[in-house]
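Each chain is listed here by its residues.
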Amino acid sequence: STHVTYEQQLKQKHSQRRIVTPIDRFDNGGEIKRTDGLTAADAGDSRSLQKSALTRSAPAALPLAAGGAATGKSTAQRTVAEQQATLPAPAAPADSPGSVVTMSDRVPYLIIGSGFAGMAAAARAIRASDPLSKVLMIGDEPYPPYLRPPLSKELWRRKDDRVKAMLSPLGDMRRNSWLFVEPDSFFIEPRRLHLADTGGVSLWKGRRVIALDIADKRVTLDSGDRIEYGKCLLATGGRPRTLPVFDAAAAQSPEVAARTAYFRNIDDFQSLRNKANQAKSVIVIGGGFLGCELAVSLTEVAKKTGLECFKESGTLAHVLPPHLSEHTSKFIAQSGVAQYPGERVTSVDWDSAAGQVKVGLSSGRSLSADLCLVAVGIEANTQLAESAGLEIDPGDGGFLVNAELEARADLYAAGDACSYYDVLLGRRRVEHVNHAEESGAVAGRNMASDPADPGRKRSTYQHQSSFWCNLANTLAWDAVGLVDSRLETQSFFAMPPPASDDGAAGSDTAEDYQYPGVVFYLKAGRVVGILLWNLPDEIFQDKKAFAPSRLNLARKVLAERQLADPAALQALAREFDVYQTVDDDYQDLKKYMETKERQQQQAEASATANSSGPAATGVASAPVPA
């Protein structure tokens, strides 16, 4: 059918059918007409499909070992192979040696990438705006969408059996894991997407899109399959940036290749964990977020000898002002990591006598270790730009999009791979999970927009995303906006009391910055970024009550384009409550209210006892002391 016919059918179904949740997406209330050659016995009725999606047995969790059993494949690889084997045999087109996916003539919504940005757009924004929509996600990983930050933080503090359970997207995900956004059972099988009259989200794992034809609205997969779409989202994410000196050494030496690791996804986590279990020492190349977190995790948690070298002058020197970078470096050193700042890797060799990788540095120093981890940032996956004729940001990389996250008509980009126009801060490319989720949601709503429906209008992406760093659950900070150490900064901290009786303040040393504080980043006389140092997001702590958010306050400050007047900034810092007096007062008030409530309950209990006592015994009861 043509595109127009499809839209007409969709509107007709929307007027006739009820809106359902994803959990009963197969319960269509009628007979399913098969168009893929399957018999009724193969497919079952709609309720059988629903039941099978919710009650399928959960196989054993993914093992930590990378190798498979008798087949020589990993569990993840076998999962992808089995999934692909269940797809219907495609028919070969006349003009291509490849094939055409037979699950439908076309896909109304196509999302390239199965990360957080794609999931936010597919399962939430598009489906919320268009309840009958059919969305196909294509991802090159064998897993459903998941959170990446825990891979370098929390997972290293879990025991092996707990890690196995958390890395399985099957079974009771809400009970076993908070890593995955949705379990496998949430998604419709790709070959059945066109049969779901009430719509749904399908995930095709282990496939990569290698070509994008914007004019014909068609993509080509690495398998040769071709899929036509109505609207498409590029949520391709990023890949680890490599170092040529390591690539050259790995090509010459299998030993170096086996002991060099990059880090981005679940498979990388499992591989690094396995290699770290067999190593005694690790060299981490990179002083950014990932390098610092993994250096601390490997040294403090995995009990390895940690060596960290980076080209910057200090830890996280690209985002933190010098005094906080110095404090962070000292904190990491106390965790047992030996740091080598201001160094570049000039050579990588295999030391056969020691059985270690030898890394030469720009200062002439050389380091040796059993394992090398390269964590020097990521590059946006923009390989599709060449076939599609899309523009790439020459400075930061990423697909160039406007404030509505649109690259071309009916083609959008979100997450790590997009360079968008920030209406407050100018053109940017952001690589954090909060940005992926929020940009994916805006792109999804715009994809599902309808000019005739007031509730489905297009919108611009104005969210100021936040990001955070957490080292050993001790040193932590959150930030919003443009946080760049090259900018001018003004810092305000809750310093300790005076060190002497004469009232002289204590020395301004790195140790002072263990206390809470707020840092304002300034550009052209205005606040463009805010960092909350060792301050929780909530103004006060109470699991039963909603607490105001410091991050939302920071977003409000950026939106108001606050002037960078020192006196105004000092007053503004008080609003963030760096001394946390609001929380102290709230906890005191909470204790007072709990005490009064307990006293009232005791008084009521005493009154009840007094009123019933004399009637039963005839003896006046003595007053109960307060």
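That block above? That's the structure.
Residues numbered from 1 in each chain as written. Predicted model: local features only at pLDDT ≥ 70, side-chain atom pairs only at ≥ 80, totals over all residues. Heavy atoms only, no water.

Go over the pattern of salt bridges, please, and point to the residues and values.
A full pass over the atoms with the stated rule returns 21 salt bridges. A salt bridge links Glu189 to Arg192, with the nearest nitrogen and oxygen atoms 3.3 Å apart. According to the relative accessible area criterion, Glu189 is partly exposed, its value standing at 31%. Using a relative accessible area of 9% as the deciding quantity, one classes Arg192 as buried. In this structure, the salt-bridge partner of Glu406 is Arg458, at a minimum N-O distance of 3.1 Å. Taken together, the positions of Glu406 in strand β19 (residues 406–408) and Arg458 in the loop between α14 (433–447) and β23 (466–471) put the pair 52 residues apart, joining distant regions of the chain. Arg458 sits in the partly exposed class, given a relative accessible area of 33%. Through salt bridges that share partners, Glu189, Arg191 and Arg192 make up one connected network. (Salt bridge = Lys/Arg side-chain N within 4 Å of Asp/Glu carboxyl O. Buried < 20%, exposed > 50% of the residue type's maximum accessible area, 1.4 Å probe, protein only. Helix = DSSP H or I, 4+ residues; strand = E, 2+ residues; numbered from the N terminus.)

Can you tell me about the packing of aromatic side chains, naming the residues and giving the values?
For the structure shown, the criterion picks out ten aromatic pairs. Residues Tyr420 and Tyr461 carry aromatic rings whose centres are separated by 5.1 Å and whose planes lie at 70° to one another, so their mutual orientation is edge-to-face. Of the two residues, Tyr420 sits in strand β21 (residues 418–422) while Tyr461 sits in the loop between α14 and β23, which places them 41 residues apart along the sequence. Accessibility classification places Tyr420 together with Tyr461 in one group, the buried group. Relative to Trp477, the ring of Phe467 has its centre 6.1 Å away and its plane inclined at 80°; by these criteria the two rings are edge-to-face. One end of the pair, Phe467, is in strand β23; the other, Trp477, is in strand β24 (residues 475–481), with ten residues separating them in the sequence. (Phe/Tyr/Trp six-rings, centres within 6.5 Å; stacked < 30°, edge-to-face > 60°.)

I'd like a description of the sheet that holds β23, backed by residues and values.
Spatially, the five strands line up as an open sheet ordered β23-β24-β27-β26-β25, and their pairing is antiparallel. The open sheet has two free edges, formed respectively by β23 and β25 (488–493), since each of these has just one partner strand. Going from strand to strand, the sheet's axes swing by 20° on average, the running direction of each strand aside. Where β25 and strand β26 (residues 517–523) come together, six bridges link them in antiparallel fashion. Across the sheet, residue Glu488 finds its bridge partner in β26, namely Leu522. (Pairing = 2+ DSSP bridges. Axes fitted to C-alpha atoms, helices over the stretch in contact; angles between N-to-C directions.)

Give me the pairing of β23: which residues, what numbers.
One ladder, built from six bridges, connects β23 with β24; its direction is antiparallel. Considered in β24, the bridge of Cys469 is made with Trp477. Turn length for the β23-β24 hairpin, with the two strands adjacent in sequence and antiparallel, is three residues, and the turn residue Ala472 shows positive phi of about 60°.

Could you give me a rundown of unusual backbone geometry, with the residues and numbers involved?
A positive phi angle, near 50°, is found at Lys217, a position not held by glycine. You can call Lys217 partly exposed: its relative accessible area is 23%. Even without being glycine, Asp577 reaches a positive phi, approximately 55°. Judged by relative accessible area, Asp577 falls into the buried class, the value being 7%.

A description of the state of the cysteines should follow, citing residues and the corresponding values.
As used in these notes, a disulfide is a covalent bond between sulfur atoms, one from each of two cysteines. Inspection of the entire model under this criterion finds zero disulfides. In this model Cys372 remains outside any disulfide bridge; the closest cysteine sulfur is found in Cys309, 8.4 Å from its own. By relative accessible area, which is 0% here, Cys372 ends up buried. (Disulfide = S-S within 2.5 Å.)

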